[in-house]
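Residue-level structural notes
If you want the building blocks of each chain, they are given just below.
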Amino acid sequence: MMGLTFTLWEGLSWGLSITEKHERSITMLTFKVQDMTCNHCASAITRAVKEVDADAKVDVQVAEKRVNIDSSVAAAEFEEAIKEAGYTPVAA
Ligand SMILES: [Cu+2]
C-alpha cells in the first residue's frame, strides 16, 4: 500500500514538472525598432532586454532594424523595457 502511494506521488510530481516546463517554454519574439540606427542603439536595447531577462538570447540586426529575443518572459515586458530605453518597438 505504501509502495503504491509512493508510485502515484512520483507519477504526479513528474506530471507537474512537465507542466511547469511547458509553462516556462522559450518563445521567439521579434520586434521592429525603426528608431534603432546604430550600434549604440543596439547595445542600449540589448541591455534593456537583459534587464528583463538575463537569460534571454538577444539577436539585434541594426541594418534590418530588427530585434529577436528568445525568452520565456512575455513580449509586453520587453516592449515596455525597450520603450523605457527610448525606442519605439513594434511587435513583428
Ligand atoms: Cu544609435
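Here we summarise the structure given alongside this text. Source: prediction; values computed, not measured.

1. A word on the overall build of the chain
A tally of regular secondary structure across the chain gives three helices and four strands. Start at the N end of the chain and walk to the C end: the helices and strands fall as α-β-α-β-β-α-β. Each of the 92 residues in the chain was classed as buried or not, and the buried ones make up 16%. Sequence separation of at least 24 residues holds for 64% of the intrachain contacts in the chain that already meet a minimum separation of 6.

2. Points about helix 3 (residues 75-84)
Those residues of helix 3 that sit buried are Phe78, Ala81 and Ile82. For helix 3, the angular spread of the buried residues around the axis is 100 degrees, confining them to a single face. In helix 3, the exposed residues that point more than 90 degrees away from the buried face are Ala76, Lys83 and Glu84. Looking at the packing, one finds that the buried side of helix 3 touches strand 1 (27-33), helix 2 (39-52), strand 3 (66-71) and strand 4 (89-91). Residue Gly86 follows helix 3 closely and has a positive phi angle near 105 degrees.

3. Digging into the environment of Val73
With respect to the helices and strands, Val73 occurs in the loop between strand 3 and helix 3. Residue Val73 is classed as partly exposed on the basis of its 18 C-beta neighbours within 10 Å. Remark: the alpha-carbon pair of Val73 and Ser25, spanning 48 residues in sequence, is separated by 9.1 Å. Filtering out sequence-adjacent residues up to four positions away, Val73 remains in contact with Val52, Asp53 and Phe78.

Rules of the game
- Residues numbered from 1 in each chain as written.
- Predicted model: local features only at pLDDT ≥ 70, side-chain atom pairs only at ≥ 80, totals over all residues.
- Helix = DSSP H or I, 4+ residues; strand = E, 2+ residues; numbered from the N terminus.
- Buried ≥ 20, exposed ≤ 12 C-beta atoms within 10 Å, placed from the backbone.
- Contact = placed C-beta atoms within 7 Å.
- Arc of directions from axis to C-beta.

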